[in-house]
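So the chains spell out like this:
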Amino acid sequence: MNRTTLSLFAGTAALAAVTGFAALNQPAASPAHTAEAAAQLPVERTSLLCPAPSLSDIADTSYTSFTPVTKGTTSDGKAELQAATAQSADGTSSSSGGGGKKKAAKPVLTPKAPGTPVTGDTSGADGPAYVGTAEGKYAPGWTVQETTEVAAGTGRGLQGVNCTAADTDFWFPGASTAAGRTDYVHLTNPDDSAAVVDVELYGKDGRLKSTVGEGITVQPHASEPVLLSTLADERGTDLTVHVNVRSGRVGASVQALDDKTGGDWLAASADPAAALVLPGIPKDATDVRLIAFTPGDSDADLKVRLASPDGTITPAGNETLHVKAGMTTATDLGDVTRGEAGSLLLTPSDQSVPVVAALRVTRGKGDKQETAYIPAAAPVGTRATSADNSGKGTTLSLTAPTGTAQVKVTASAGSEGGTAVSKTFTIKSGTTQDVDAPVPSGLKGTYALTVEPVSGGPVYGARTLTATEDGIPGFTIQTLPDDRGTVAVPEADQNVAVLQK
C-alpha cells in the first residue's frame, strides 16, 4: 500500500491529500528555518476502517481499541468506531429513525484514555463494516483489532484483521477461486463521495480475463463485499488480487474462507519491493505455502531463506524461486519451521525486481486443520501496536534480518484491570525469536502490546492469537508495521497542526 510522508513545504494541497488536513498560521520564515531537519510530532487525527466481519449466523466478533501513551499529545480529544452507514454526508454520526428523522447511532465501542484497551462486540451475519476516527490524544498509534470466532461451516475457526487506513492501491497474493474456497474482497469507502475501484485477478498464466471487476462503484460511507469467483469464468488455486482505486480511496481486505480448513483475513502485502520479510511463522505449522507476484515487466529470481532462532538457513529443496512477470507463482514449503519459530526472507538473486508475497500457513492435521495468512510486512519502524491479546493465547514473534537489534515490548493495562509492564529483548542478526512477551500484572480482560526498537537494525514482527476448540487449532496472525503515531514536520517559526487520516 502507498505510505508517503511529505515535507510540509512540498505544498499544502499535497499534504492535505495525504494526511487529510493541514492548518497553518505562518509568519515570514527565513530560508535557514525551512532547511532545518523535520521533527517527529504526534498526529492529531487518525481514521481506520474495519470490514464487515462474517456471513455466518453463528459468528461472534469482538473489537478491541487501543491508543498507546504518546508524549507531546494534547490533553483532550475523542475517538469512536461506528457502522459505516451511520456516517452522514457532513461527517456527523447518525442513522435513520422513524418518520425520516435522524437519531444518534450508538458506536460499537468508545475508547478509554490512552494506555487502556476497550472492547465491543457483535454477533451473527449482520455485523456491518465500521469507520473509526480518533482525534487529539487518542489519535497517535490508534489501533483496532477485529477478531471473529466461527464455530462451524465454511471458514470455521478464528479470523482476525487489523482495521486499516484508506488507500488507493493494494496487492493480495494468496487468494483463490478454487472449488471449496469462498473468497471476498471487502471495499469500504469512508468519504462523502463515491469511490471507483478496479479489481484485477492474476493467476499462474497471467491476468484472468474479465470486465466485471472494472469500475466497481463503492457508495459514500458504505462497504461492498465482492465475491472473487464472480469476476472471472476461469478458476484459480493461487491468485493475486490487485485493488486499484481510480477515484476516491477505500479500505481493502480479502476474506479467504475454506470449506475444510477454516479461513482467515488476508491483509495487503507491503508495497512491491526487491526484498521482502514475512515474519512470524508459528513453530507448529504443519504446512506453509508461499505465493509471490511481480507486477513489473521483468521476471524475478529470489533467494529463499528462513530466519530461525539460531540464524538464517536455506530450506532444503526451496533455495530459490523464479517469478514470471505478471504471473502468480506458488510453492509448497511444507513444515519449513520444523518445530522452531521462523520468518521467511526473500532477496533478489540477480537483478532487483519489485515483488509482493504472502504465506498461507496451516496448523493441525486431517479434519482438524486451520489456516491463516502472513503477508510481506513493513518494518516496525518507530513503534508498532497489537491490540486484543490474552494471557495464554498470544505469541509475539520478532525478527532482525540484517543486524542485531534491541527491542522494548510493553504490555498495557488490561481492559478490565491490571498494571502495564515492559521488557527489553535482544534479537540477534538473522534470527527470529518468539519472545517471552510481558503480561500485565493483575490482568483482567484483554491487553495491548507495543513494540519499540531501541537500537540496531530494522525489526519486523507478528502476533499470533490462538484459541483451540473441539480439537481444532484456531489461530490468526497479524503483522506489526509502524502504527503511524507520528508525522514528520519541519521545525520552523509557525503554528502547525497536522491531522492524519
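Residues numbered from 1 in each chain as written. Predicted model: local features only at pLDDT ≥ 70, side-chain atom pairs only at ≥ 80, totals over all residues. Heavy atoms only, no water.

The next point concerns the packing of aromatic side chains. Going through the model one piece at a time under the given rule, you end up with five aromatic pairs. Measuring from centroid to centroid gives 5.0 Å for Y63 and Y130, while their planes differ by 65°, and the two rings are edge-to-face. Separated by 67 residues along the polypeptide, Y63 in strand β4 (residues 59-66) and Y130 in strand β9 (residues 130-136) bring together distant segments of the chain. For the pair shown, Y63 and Y130 are each scored as buried. The structure contains a cluster of three or more aromatic residues connected by ring pairs, namely W171, Y202 and F293. Between the NZ or CZ atom of R363 and the centre of the ring of F475, over which it lies, the distance is 5.0 Å. (Phe/Tyr/Trp six-rings, centres within 6.5 Å; stacked < 30°, edge-to-face > 60°. Helix = DSSP H or I, 4+ residues; strand = E, 2+ residues; numbered from the N terminus. Buried < 20%, exposed > 50% of the residue type's maximum accessible area, 1.4 Å probe, protein only. Lys NZ or Arg CZ within 6 Å of the ring centre and 35° of its normal.)

Turning our eyes to something else, we now look at the state of the cysteines. Following the criterion strictly, the structure yields one disulfide and no others. What pairs with C50 in a disulfide is C163, and their sulfur atoms sit 2.0 Å apart. Measuring handedness by torsion sign, the sulfur bridge of C50 and C163 sits at about 110° and is right-handed. Of this pair, C50 sits in strand β3 (residues 45-50) while C163 sits in the loop between β11 (157-162) and β12 (169-175), and the two are 113 residues apart along the sequence. Under the relative-accessibility criterion, C50 is labelled buried at 0%. (Disulfide = S-S within 2.5 Å.)

Functional significance is not addressed by these values, which are geometric in nature.
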